[in-house]
Amino acid sequence: MQNTAYYPTLEIHMNKVQDNIKNVHALCSDNGVKITGVVKGCNALQEVAEVFEKNNYHSIGSSRISQLKKMKDRGLKSEMMLVRIPMLSELEEVIQYADISLNSDRGTLIALNDLAKQHGKVHKVVLMTDLGDLREGVWDKDEFIDLALFVEEQLEGLRLYGIGTNLGCYGSIRPTEVNMTQLAELAERVELRIGRVLDIVSGGATTSVPVLVDGKMPKKVNHLRVGEGILLARDLTTPDFCYLEYMHNDTFVLTAQIIEIQTKPSHPVGELYIDAFGNRPTYVDVGMRKRALLGVGRQDFGHHDSLKPIDERVSVVGSSSDHLIVDITDVDENYQVGDTLSFTLFYQGMLFLSLCEDVQKIIVK
Ligand SMILES: *Cc1c(COP(=O)(O)O)cnc(C)c1O
């Protein structure tokens, strides 16, 4: 590991990221499924995007056009997929920097078509249908099929590249054989109407991978958009469950420096009011405890629930914008101010830390 005098740091262990990228690619191609490697969770880190490209992923995806632009500008050749429905205000950039985008709005598609034609391009679109998670996607299935036919027949600046759905994000709906079969059947209805086979039928994100692992994915679903499940080998719905035992969870590691060690009561003393974020938390009194205060906070990592101490005897107590409090009572080592503690991450931690300018990124080869 690189020695550094600057904290906090976010180490990205590239050998493990690479293993994960290779393993998921092998798993999916064995099952006839192509993957878009989604890099929004790590701020489209160039080193990570390059590994997706080297391993022949179908494409690289982000919700942010700025990240797609950054990757194109840095010379990546992969097709870029915008995985958030585009804003009307960013359609110029969508045509310029995204090869494929997810869409659900007729007006946006018409505007996108006009721009694509102006630029002499054919832009690929994946129409999104909502199967119950209630974030993006056309709800009414007849309306959806009409929209697909409209793109196919009327918008020559666009290619109806496929259809897709997203689950597990807002409505916390689990992808299953049932909703994946609904998607497959909808794809068949669209194909019947347009008279050709769709290039991709996109069955979702990380949360859809277990359906594939269990051998329950319908053949028709031939594409997934996966970020978290590769970068962290975790699945939000079951945060501690590494769905394939050969995958690495310790790819992104936060290290922060101890700025104070004190033995203090575990219950605050005085009249309970509100915390730094206006919440009224509850506290459990477990007596006097030895605590370390670290120079990192919610501004860097989001919520402290997204941190997992590598030393299992350490537990996270709480945090505010610039501080993290951990309990080190059960640790035998005599920690001192200036020592560091390290954490593996859940999605929010990776996302925030990757974006935070005060956090030094260290690529570990
Ligand atoms: C973020 C996102 C993904 C990737 O999600 P992961 O949980 O990181 O796999 C896929 N599709 C859409 C529409 C997204 O917004």
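Residues numbered from 1 in each chain as written. Predicted model: local features only at pLDDT ≥ 70, side-chain atom pairs only at ≥ 80, totals over all residues. Heavy atoms only, no water.

Draft legend 1. Representation of the overall build of the protein chain within the structure. Within the protein chain, the secondary structure is distributed over 11 helices and 16 strands. Here the C-alpha atoms of the protein chain give a radius of gyration of 23 Å, agreeing with the 21 Å that 2.2 N^0.38 yields for 365 residues. Referenced to the eigenvectors of the C-alpha coordinate spread, the extents of the protein chain come out at roughly 70 × 40 × 40 Å. Within the protein chain, the fraction of its 365 residues that count as buried is 51%. Counting contacts in the protein chain only where the partners sit at least 6 residues apart, residues at least 24 apart contribute 65% of the total. With an accessible surface of roughly 16900 Å², the protein chain has 48% of that area assigned to carbon and sulfur atoms. For the protein chain, the distance from the average site of its 38 positive side-chain charges to the average site of its 51 negative ones is 3 Å. (Helix = DSSP H or I, 4+ residues; strand = E, 2+ residues; numbered from the N terminus. Rg over C-alpha atoms; globule rule 2.2 N^0.38 Å. Buried < 20%, exposed > 50% of the residue type's maximum accessible area, 1.4 Å probe, protein only. Contact = heavy atoms within 4.5 Å. Areas by Shrake-Rupley, 256 points an atom, 1.4 Å probe, with all protein chains shown as cover. Lys, Arg positive; Asp, Glu negative; His and termini not counted. Charge placed at Lys NZ, Arg CZ, Asp CG, Glu CD.)

Draft legend 2. Broad picture of the packing of helix 6 (residues 141-154) against helix 7 (residues 177-194). The contact between helix 6 and helix 7 brings their axes to 10 Å, and the two run at 40°. As far as their axial angle goes, helix 7 and helix 6 are oblique. Crossing handedness for the pair helix 6 and helix 7: right-handed. From helix 6, Lys 141, Asp 142, Phe 144, Ile 145, Asp 146, Ala 148, Leu 149 and Glu 152 reach across to helix 7, where they touch Leu 186, Arg 189, Val 190, Arg 193 and Ile 194. The residue makeup of the contact of helix 6 with helix 7, split by class, is seven nonpolar, no polar and six charged. (Axes fitted to C-alpha atoms, helices over the stretch in contact; angles between N-to-C directions. Parallel < 35°, antiparallel > 145°, perpendicular 65-115°, else oblique. Left-handed = near helix turned anticlockwise from the far one by under 90°. Nonpolar A, V, L, I, M, F, W, Y, C, P; charged D, E, K, R; others polar.)

Draft legend 3. Spotlight on the nonpolar core. Val 48 and Phe 252 are the most contacted members of the largest nonpolar core, which totals 96 residues. Residues from two domains meet in this core; each of domain 1 (31-231) and domain 2 (252-364) gives at least three. In this structure, Met 81, Ile 85, Ile 100 and Met 128 belong to the second largest nonpolar core, which totals nine residues. (Core = buried A, V, L, I, M, F, W, Y, C linked by side-chain atoms within 4.5 Å. Domains from an automatic or database assignment.)

Draft legend 4. Structural detail: the pattern of salt bridges. For the coordinates displayed, the defined rule picks out 17 salt bridges. The shortest N-O distance in the salt bridge between Asp 250 and Lys 16 comes to 2.9 Å. Residue Asp 250 is found in the loop between helix 9 (228-231) and strand 10 (252-265), and its partner Lys 16 is found in helix 1 (residues 14-30); the two are separated by 234 residues along the sequence. Relative accessible area serves as the criterion here: at 28%, Asp 250 is assigned to the partly exposed category. Residues participating in the shared-partner salt-bridge network are Asp 311, Arg 313, Asp 332 and Glu 333. (Salt bridge = Lys/Arg side-chain N within 4 Å of Asp/Glu carboxyl O.)

Draft legend 5. Representation of the environment of Gly 338. Among the secondary structure elements, Gly 338 is positioned in the loop between strand 14 (324-327) and strand 15 (340-345). Residue classification places Gly 338 among the partly exposed residues on the basis of a relative accessible area of 33%. Taking C-alpha positions, Gly 338 is 9.4 Å from Ala 256, a pair spaced 82 residues apart along the chain.

Draft legend 6. How the structure looks around the packing of aromatic side chains. Tallying each qualifying case throughout the model produces one aromatic pair. Note on Phe 52 and Tyr 57: the rings are 4.7 Å apart at their centroids and 70° apart in plane angle, and the pair reads as edge-to-face. For the residue pair Phe 52 and Tyr 57, the accessibility class agrees, reading buried in each case. In this arrangement the basic side chain of Lys 141 is found over the ring face of Trp 139, its NZ or CZ atom lying 4.9 Å from the centre. (Phe/Tyr/Trp six-rings, centres within 6.5 Å; stacked < 30°, edge-to-face > 60°. Lys NZ or Arg CZ within 6 Å of the ring centre and 35° of its normal.)

Draft legend 7. Seen up close, helix 7. Relative to the 26 Å expected for 18 residues at 1.5 Å per residue, helix 7 spans 26 Å between its end C-alpha atoms, a close match to the ideal helical length. The complete set of buried residues in helix 7 reads Asn 179, Met 180, Leu 183, Ala 184, Leu 186, Ala 187, Val 190, Glu 191 and Ile 194. Summarising the axial view, the buried residues of helix 7 lie within an arc of 160°, below the 170-degree limit, and thus occupy one face. Exposed residues pointing more than 90 degrees away from the buried face of helix 7 are listed as Val 178 and Leu 192. Buried residues in helix 7 make contact with helix 6, strand 7 (158-164), strand 8 (200-202) and helix 8 (209-213). Phi turns positive, to about 75°, at Gly 195, one or two residues after helix 7. (Expected span 1.5 Å × (residues − 1). Arc of directions from axis to C-beta.)

Draft legend 8. Summary view of the packing of helix 5 (residues 106-118) against helix 6. Interaxial distance between helix 5 and helix 6 falls to 11 Å at its minimum, and their mutual angle equals 10°. As summarised for this structure, helix 5 and helix 6 are arranged roughly parallel, according to the angle between their axes. Across from Arg 106, Leu 109 and Ile 110 in helix 5, the residues of helix 6 making contact are Asp 146, Leu 147, Phe 150 and Val 151.

Draft legend 9. Expanded view of the site of the ligand. Surrounding the ligand, one finds 13 residues, the nearest of these being Lys 40, Thr 206, Arg 225, Gly 227 and Glu 228. In this structure, an oxygen atom belonging to the ligand sits 2.5 Å away from a side-chain N or O atom of Thr 206. Measuring from a nitrogen atom of the ligand, one finds a side-chain N or O atom of Arg 225 at 2.9 Å. Here the ligand, which alone exposes 380 Å², has 91% of that area covered by the protein. Among the cavities detected, the one that contains the ligand is the second largest pocket. Across the shell around the ligand, the residue classes break down as five nonpolar, three polar and five charged. (Near = heavy atom within 4 Å. Polar contact = N/O pair within 3.5 Å; in protein donor to acceptor, adjacent residues only side chain to side chain. 1 Å grid on protein atoms, 1.4 Å probe; cavity = no way out; pocket = protein on both sides within 12 Å on 5 of 7 lines; lining within 4 Å. Sits in = over half its atoms within 2 Å of the grid points.)

Function-wise, these values are silent; they only describe arrangement.
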